[in-house]
Amino acid sequence: MNLSDEFFSWIQQHAQDDPSKLRLKMRGKLVGGLDASAAILQIECRRKYAAKFADTLAADPHFYFPGGINAEQATSDRLARFHATLIEPGKKVADLTSGLGIDAMHLARKSAAVVAIEQQPEVADALRFNAANSGLGNLETVCADCRDWLDMAGHDSQDCLFIDPARRADDGSRVYALRDCRPDLTLMQECMLQVAPRYIAKLSPMLDISHVVSELNCVRNIMAVGTTTECKELVVTVERGYDGEPMIQACTICADGMHCEAFTASDEQAAVATYGMPEPGDVLFEPWPALMKAAPLKLLSQRYGLTKLAANTQLYFTKKQAVPSAVLPGNCLDIIAVLPYSSSEIKRFARRWPKASVTARNFRVQADVLRRKLGVRDGGDVRVFAVSDNRGERRLIVAS
């Protein structure tokens, strides 16, 4: 791939222009020897994914996007940095489904050597160009189907493999079963563990953790990874010959670092939760999304001394003076009121709280329906949790 300084200079000059108008103006014209549409795509991707690839774009102003779909499906810099921490420095690593190469480039910055396998020639060419621009001489790009590459790779030729199977079918629709992802990891795992003693798989957060463990062999660790607002992915570590109980982790990327809650399924099964209903003045605890996915639900009550609302209501509370000194892995809110879900309370609710965010947990009415029923506008500092308590009675907890 030969991209000129003229190509990237034009992109910089028109970075604030309207891409639609540029397409009309530049139809049939060349920029730096390439069709202008390629340059306009760079403007669109830089604008749309500026936050997602902030580190990459800052380090390499000439970073090239081969297509919008590649940018959409690629790992963010933030998550790629996390993935790189899972592999010891100085190892030989192969990224079997490299795509845009964000993971591969982050891995290359701490590994002895990285092989990035990508089966689309234009995407592989872009990765070679971007790796060279970034000074990553230890990153080799191979244009191939990763299954063919594995068949040719030698026994223990790599220290670790990384794979992120595609989660879309041929018609573009999303798939959620592990066996429906491409490539099918369940058919490859034996071959993968011959090429390397360990592999790490990035999977959809929609997958069921227990099903993943049952479908894959030798799972040492499975992590639900997310931010304080969203569970982003499951990350599974598989090691040749491991036959112990997998460690489950809920890893949340926070503004001040990473919070990880670790446990096993046996820990959760043996845990004993306490149940009750809060009062105004208590502190309500809402676990972060990755923790909800990993589901140490009784264990949270036992580990932090929290009272759970009900077995199937994943909210907790404690007295304000009893809030644990340890950082709680979730949102803490002050409870303003605890109300019965009754027609009289519903009728006068909006007079007291005309604006509120509504959440339904273990409740027979969906949040958007309930918001209309209460007559409140969405937003503001007040949150309403519609819940069922341990006796099955429905309540409205108002907190801020």
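Check the entry above for the structure.
In what follows, the accompanying structure is described. Every value quoted in this text rests on a predicted model; they were computed, and no experiment measured them. Starting afresh in each chain, residues are numbered from 1 along the sequence in its written order. Reporting in this predicted model follows two pLDDT cut-offs: at least 70 for local features of residues, and 80 or more for side-chain atom pairs to be given and counted; totals over whole chains, interfaces and linings ignore these cut-offs and use all residues. Water and hydrogen atoms play no part in the side-chain values, which are based on all heavy atoms of the structure.

1. Digging into the pairing of strand β11 (residues 257–263)
Moving on, step 1. Any two strands are treated as partners once DSSP identifies two or more bridges connecting them. Only DSSP runs of H or I covering at least 4 residues are called helices, and only runs of E covering at least 2 are called strands; the numbering of each starts at the N terminus. Direction of pairing for strand β10 (residues 247–254) relative to β11: antiparallel, over a ladder of seven bridges. Looking at the pairing, Cys 254 lines up with Gly 257 of β11.
Moving on, step 2. Where β10 folds back on β11, the antiparallel hairpin that results is connected by two residues.

2. With respect to the sheet that holds strand β8 (residues 219–226)
Backbone hydrogen bonds are what pair the strands of a sheet, in a parallel or an antiparallel way.
Moving on, step 1. The sheet built from nine strands is open, its strands ordered β5-β4-β3-β6-β7-β9-β8-β10-β11 with mixed pairing. Strands with a single pairing partner mark the edges of an open sheet, and in this sheet they are β5 (139–143) and β11. Adjacent strand axes in the sheet meet at a mean angle of 20°, parallel and antiparallel pairs treated alike.
Moving on, step 2. Here strand β6 (residues 160–163) pairs with strand β7 (residues 198–203) via three bridges, running parallel. Across the sheet, Leu 161 pairs through a bridge with Tyr 199, a residue of β7.
Moving on, step 3. Contacts are assigned to residue pairs with any non-hydrogen atoms lying within 4.5 Å of each other. Here an angle of 0 to 180 degrees is reported between the N-to-C directions of two axes, which are lines fitted to C-alpha atoms, with helices fitted over the stretch in contact. Each of β4 (113–118) and β5 touches helix α8 (residues 121–133); the most contacted strand, β5, lies at about 170° to it.
Moving on, step 4. The strands that helix α10 (residues 185–195) touches are β6, β7 and β9 (231–239); relative to β7, the one it contacts most, it runs at about 150°.

3. Concerning the nonpolar core
The nonpolar side chains of a soluble globular protein tend to be buried with one another.
Moving on, step 1. Judged by nonpolar contacts, the single largest core of 46 residues is most densely connected at Leu 96, Trp 149, Leu 161, Met 192, Tyr 199 and Leu 203.
Moving on, step 2. By residue number, the principal contributor to this core is α10, which donates five residues.
Moving on, step 3. For the purposes of this section, nonpolar cores are sets of buried Ala, Val, Leu, Ile, Met, Phe, Trp, Tyr and Cys residues that join through side-chain atoms within 4.5 Å. When a residue's accessible area, from a 1.4 Å probe over protein chains only, is under 20% of the maximum for its type it is buried; when over 50% it is exposed; and in between it is partly exposed. By size, the runner-up hydrophobic cluster in this structure holds 36 residues, among which are Phe 53, Ala 116, Leu 127 and Leu 139.

4. Considering the side chain of Ser 388
Moving on, step 1. Tracing the backbone through its elements, the reader meets Ser 388 in strand β18 (residues 383–388).
Moving on, step 2. Accessibility expressed as a relative area gives 7% for Ser 388, which makes it buried.
Moving on, step 3. The residues touching Ser 388, leaving out its near neighbours within four places in the chain, are Ala 310, Thr 313, Arg 361, Asn 362, Phe 363, Glu 393 and Arg 394.

5. Thoughts on the pattern of salt bridges
Moving on, step 1. Salt-bridge detection follows one rule: a side-chain nitrogen of Lys or Arg within 4 Å of a carboxyl oxygen of Asp or Glu. Taken as a whole and judged by the stated rule, the model has 23 salt bridges.
Moving on, step 2. Taking the shortest distance from any N to any O, the salt bridge between Arg 23 and Glu 44 comes out at 2.9 Å. You can see Arg 23 sitting in helix α2 (residues 19–25) and its partner Glu 44 sitting in helix α3 (residues 36–48), a full 21 residues away along the chain.
Moving on, step 3. Relative accessible area serves as the criterion here: at 34%, Arg 23 is assigned to the partly exposed category.
Moving on, step 4. Where Glu 88 meets Lys 91, a salt bridge forms, and the shortest distance between an N and an O atom there is 3.7 Å.
Moving on, step 5. Given a relative accessible area of 52%, Glu 88 falls into the exposed group.
Moving on, step 6. Lys 91 gets classed as partly exposed once you look at its relative accessible area, which sits at 29%.

Keep in mind these values describe shape, not function.
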